[in-house]
Amino acid sequence: LWLSDSEPVDPLWLSDSEPPPPPRLLDLPAELVVHVLKRLATADLGRIAGTCRYLRGGAAYGRRAMSPVEAAIRVRSHKSGVIAPTSLPEVDGAWVQRLLRLERLAVAARRAAAA
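Rules behind the numbers
Residues numbered from 1 in each chain as written. Predicted model: local features only at pLDDT ≥ 70, side-chain atom pairs only at ≥ 80, totals over all residues. Heavy atoms only, no water. Axes fitted to C-alpha atoms, helices over the stretch in contact; angles between N-to-C directions. Helix = DSSP H or I, 4+ residues; strand = E, 2+ residues; numbered from the N terminus. Parallel < 35°, antiparallel > 145°, perpendicular 65-115°, else oblique. Left-handed = near helix turned anticlockwise from the far one by under 90°. Contact = heavy atoms within 4.5 Å. Nonpolar A, V, L, I, M, F, W, Y, C, P; charged D, E, K, R; others polar. Buried < 20%, exposed > 50% of the residue type's maximum accessible area, 1.4 Å probe, protein only. Lys, Arg positive; Asp, Glu negative; His and termini not counted. Salt bridge = Lys/Arg side-chain N within 4 Å of Asp/Glu carboxyl O. Polar contact = N/O pair within 3.5 Å; in protein donor to acceptor, adjacent residues only side chain to side chain.

### Description of the packing of helix H3 (residues 42–51) against helix H5 (residues 68–79)
At their nearest, the axes of H3 and H5 sit 10 Å apart, and the two run at 165° to each other. Classified by the angle their axes make, H3 and H5 are roughly antiparallel. The hand of the H3/H5 crossing is left-handed. Where H3 approaches H5, its residues Thr42, Leu45, Ile48 and Ala49 are matched on the opposing element by Val69, Ile73 and Arg76. In the contact of H3 with H5, the residues fall into 5 nonpolar, 1 polar and 1 charged.

What follows is the structure, given as structure tokens:
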């Protein structure tokens, strides 16, 4: 068995090798990560944003980049008819916390209206 024109490979080596590790969530394209995250409960989104720096996001190349958690919250708010703010009030420290707070308030308002 040959992998290239110059290197012979022992077939037994191939069968003894370990299988590749399973793919991780962060190995997926950003669009799929957002699709997975938007299915989480609001509290779970807050927890995952607090535990994973990549999912929480931050500045990239000197400008603000939308994190996967923020994108998931914005997709959910758009589908529920809530318009997410485009500018962050100076009192708030981070987008994810602000959007999660707005989502919790919207859910509470819907529950109160249904009762």
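Following the structure, the description resumes.
### Here's the deal with the side chain of Lys38
As for its placement among the helices and strands, Lys38 is situated in the loop between helix H2 (30–37) and H3. Here Lys38 sits buried without a salt bridge, and the closest side chain of opposite charge, Glu103, lies 12 Å off (N-O distance). A polar contact of 3.5 Å, which involves the side chain of Lys38, links it to the side chain of His35.

### Overview of the packing of H2 against H5
At a closest axis distance of 8 Å, the pairing of H2 and H5 adopts a crossing angle of 60°. Our classification of the angle between H2 and H5 gives oblique. Where H2 crosses over H5, the two elements pack in a sense that is right-handed. For the pair formed by H2 and H5, the contact residues are Val33, Val34 and Leu37 on the first element and Pro68, Val69, Ala71, Ala72, Val75 and Arg76 on the second. Taken together, the residues that form the contact of H2 with H5 break down as 8 nonpolar, no polar and 1 charged.

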